[in-house]
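Reading the structure
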Amino acid sequence: MGLFDRLRGEDDPRVAFIGVDGVPYSLLDEHREEFPNFAALAEEGSAAEISSIVPPESSACWPSLTTGVNPGSTGVYGFQDRETGTYDTYVPMARDVQATRLWDRVTEANRRATVMNVPVTFPPQRNVQRMVSGFLSPDLEKAAYPDDVRDYLQSIDYRIDVDPKLGHEEDKADFIEDAHATLDARFEAFQRYIEEDDWDLFFGVFMTTDRVNHFLFKDYERGGEYEDEFFEFYRAVDEYVGRIRGLLPEDVTLVVASDHGFTSLDYEVHCNRWLREQGWLEFRTDEPEELDDIADETRAYSFIPGRFYINLEGREPRGSVPEDEYDDVRDELAGMLSDLEGPDGRPVVDRVVEKETAFRGEHDAIAPDLVAIPNDGFDLKSGFNGDEAVFDTGPRNGMHSFDDAALYVDDPDASIGDADLLDIAPTILDLMDLEYKRGEFDGASLV
């Protein structure tokens, strides 16, 4: 039985969630004439800017958005995390998300979920009727469940992600073409399963928006060479969101959201190089490649984006900072970060967030001691090769921001003012009339 075989009023209310990774609310709101479908959704429903989480990185954001809890409870802090008690690192995958996902709550209530292209969902779960894993999946063949989904997706040239290497080229034409092809195939797959599946929750993510922003956002904000192509791409996104809205029966509420905002990038800031220049980081080898190459005298090290760890005795294997000096050392590092200036004299860091302020939960043992939230224009990097300059430029001209994420709810009674990413999960459950305990979430329902 497909979606349109149901009779209205016969079943529980449903939700279709469409993620637009990294899309800032200001982009959509300030250009309503360019994006009429987002404008209509705002005028007929509810829409506003929301805040992301700390840190505003997709690998941490999507686990938090889909569970309603902070990284201290999900156990995922970024693209790279550290094993407890070691210097071993790993790339978090679905098995590393320690909190309950929305679609698990849906299936536990004997209702159905179709989940497509959500980052950090590999390998695909088999307790939902259909799942195509998203960003960080190794390939499509292993990312689709059940098997017939893979065959269909291959037939439409579906790809999990745009080829980001194309964005490194000075001529962005091939990258832009690939971005459109990726977006088109994603919509075609979404449309098929929205119409074909009997779902209570449809959860799909357009990841390509984030990719386009990384390589073209400054062209949009500052009138660069590819400004027209940027708007053309987003007009296609707007059209697809409008077409999805038109596919949905009246008993389905559409929710559209991004996981973080975006802003122009001027300088990449290589934090481990900076720590090395400040005498806080040393390596055991002349050609360091990984965290385990740090030397015993190291006082602190960094992971992207702007996560700083004290090399603490008793916690790190070769910790050099005694526990009774932890607070003073951390305060000193926070002060140094606050004082850091870029080549143009601007402060690099907007604010420094302490571990206990940002993270709480059963999985905070590997939480960073400090997270630096940069000012617009500075992207905090953390390689371990030690060769790069502290301030550098690269092929990307856009970067994530904590502020200016977007949320649209096709319900005029939703109250989105002063909301953040953690409010989305309980809101979806309320829209579906699914019960939960208020204390299970760090956010609160907006309806």
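The notes below deal with the structure included here. In this text the structure is predicted, and so the values were computed from the model without any measurement. (Residues numbered from 1 in each chain as written. Predicted model: local features only at pLDDT ≥ 70, side-chain atom pairs only at ≥ 80, totals over all residues. Heavy atoms only, no water.)

A few words on the overall build of the chain. The helix and strand tally for the chain stands at 14 helices and 18 strands. In terms of overall dimensions, the chain is globule-like: its C-alpha atoms have a radius of gyration of 22 Å, near the 22 Å expected for 447 residues. Oriented by its inertia axes, the alpha-carbon framework of the chain measures out at about 70 × 50 × 40 Å. For the chain, with 447 residues in total, the buried portion stands at 61%. A sequence separation of at least 24 residues applies to 69% of the contacts in the chain between residues at least 6 apart. When the accessible surface of the chain is summed, it comes to about 17600 Å², and 39% of that surface belongs to carbon and sulfur atoms. The positive charge centre, built from 41 side chains, and the negative charge centre, built from 101, are 4 Å apart in the chain. (Helix = DSSP H or I, 4+ residues; strand = E, 2+ residues; numbered from the N terminus. Rg over C-alpha atoms; globule rule 2.2 N^0.38 Å. Buried < 20%, exposed > 50% of the residue type's maximum accessible area, 1.4 Å probe, protein only. Contact = heavy atoms within 4.5 Å. Areas by Shrake-Rupley, 256 points an atom, 1.4 Å probe, with all protein chains shown as cover. Lys, Arg positive; Asp, Glu negative; His and termini not counted. Charge placed at Lys NZ, Arg CZ, Asp CG, Glu CD.)

Looking now at the sheet that holds strand 9 (residues 252-257). With mixed pairing, the 8 strands of this open sheet are ordered in space as 2-18-9-1-8-5-6-7. Sheet topology places strand 2 (46-50) and strand 7 (144-145) at the edges, where each strand pairs with a single neighbour. Note: strand 2 against strand 18 (residues 405-409), 5 bridges, orientation antiparallel. The partner of A48 across the bridge, within strand 18, is L407. (Pairing = 2+ DSSP bridges.)

This next bit is on the packing of aromatic side chains. This model, assessed by the stated rule, comprises 30 aromatic pairs. Ring geometry for F17 and F203: centres 4.2 Å apart, planes at 15°, overall stacked. Here F17 is found in strand 1 (residues 14-20), whereas its partner F203 is found in strand 8 (residues 201-206), with 186 residues between them in sequence. Residues F17 and F203 agree in their burial class; the two are buried. Ring geometry for F190 versus F202: centroids 5.6 Å apart, planes at 80°, classification edge-to-face. One end of the pair, F190, is in helix 8 (residues 173-196); the other, F202, is in strand 8, with 12 residues separating them in the sequence. In terms of burial, F190 and F202 fall into one category: buried. Among the aromatic side chains, those forming a connected cluster through ring pairs are F35, F217, Y220, F230, F231, F233, Y234 and F262. It is R14 that lies over the ring of W199; its NZ or CZ is 5.8 Å from the centre. Above the plane of the ring of Y152 lies R192, whose end atom (NZ or CZ) is 4.0 Å from the centre. (Phe/Tyr/Trp six-rings, centres within 6.5 Å; stacked < 30°, edge-to-face > 60°. Lys NZ or Arg CZ within 6 Å of the ring centre and 35° of its normal.)

With 61 residues, the main nonpolar core has L153, F202, F206, V256 and Y408 as its most contacted residues. Beyond its immediate sequence surroundings of up to four residues, F202 is in contact with V15, A16, F17, I18, T114, M116, F190, Y193 and I194. One finds L65, L201, V205 and L421 within the second-largest nonpolar core, a separate group that totals 39 residues. (Core = buried A, V, L, I, M, F, W, Y, C linked by side-chain atoms within 4.5 Å.)

Here the focus is a negative patch on the surface. Together, E313, E323, D324, E325, D327, D328 and D331 line one region of the surface with negative charge. Inspection of the secondary structure puts D327 in helix 12 (residues 326-339). (Patch = residues over 30% accessible without salt bridge, like charges linked within 9 Å, V, L, I, M, F, W, Y side chains within 5 Å. Salt bridge = Lys/Arg side-chain N within 4 Å of Asp/Glu carboxyl O.)

A separate point is the sheet that holds strand 14 (residues 370-374). If you walk across this open sheet you meet the 4 strands as 11-12-14-13, and the pairing is antiparallel. Of all the strands in the sheet, just strand 11 (300-303) and strand 13 (349-354) have a single pairing partner and so form its edges. Averaged over all pairs of adjacent strands, the angle between their axes in this sheet comes to 25°, without regard to strand direction. Pairing between strand 11 and strand 12 (residues 307-310): 4 bridges, direction antiparallel. Looking at the pairing, F303 lines up with R307 of strand 12. (Axes fitted to C-alpha atoms, helices over the stretch in contact; angles between N-to-C directions.)

All of the buried residues along helix 7 (residues 147-155) are V149, R150, Y152 and L153. Seen from one end, helix 7 has its buried residues packed into an arc of 165°, which puts them on one side. Projecting away from the buried face of helix 7 at angles above 90 degrees are the exposed residues D148 and S155. On its buried side, helix 7 packs onto strand 6 (130-133), helix 6 (140-143), strand 7 and helix 8. (Arc of directions from axis to C-beta.)

This paragraph deals with the packing of helix 9 (residues 208-221) against helix 10 (residues 227-247). Between two packed helices, both the angle of their axes relative to each other and the distance between the axes serve to describe the pair. Interhelical geometry of helix 9 versus helix 10 gives an angle of 145° and a closest axis separation of 9 Å. Taken as a pair, helix 9 and helix 10 cross one another with a handedness that is left-handed. Counting all contacts with helix 9, which are made through T208, T209, V212, N213, L216, F217, D219 and Y220, the residues of helix 10 involved are E227, F230, F231, F233, Y234 and V237. (Left-handed = near helix turned anticlockwise from the far one by under 90°.)

Below, the discussion takes up the pairing of strand 8. The buried fraction of strand 8 is high, at 6 of 6 residues. Of the two faces of strand 8, the one lined by L201, F203 and V205 and the one lined by F202, G204 and F206 are each fully buried. Sheet topology note: the strand 1/strand 8 ladder contains 6 bridges and is parallel. Bridge pairing in strand 8 places V15 opposite L201. As judged from the 4 bridges shared by strand 5 (residues 113-118) and strand 8, these two strands associate in the parallel manner.

Here the idea is simple: oppositely charged side chains can pair when their charged atoms come close. Enumeration according to the criterion identifies 36 salt bridges in this entry. With its nearest N and O atoms 2.7 Å apart, the salt bridge here joins R159 to D178. Of this pair, R159 sits in the loop between helix 7 and helix 8 while D178 sits in helix 8, placing them 19 residues apart in sequence. On the basis of relative accessible area, R159 is assigned to the buried category, the value being 17%. Across the pair D442 and R360 runs a salt bridge whose closest N-O atoms are separated by 3.9 Å. In this pair, D442 is assigned in the segment after helix 14 (424-431) and R360 in the loop between helix 13 (355-358) and strand 14, connecting sequence segments 82 residues apart.

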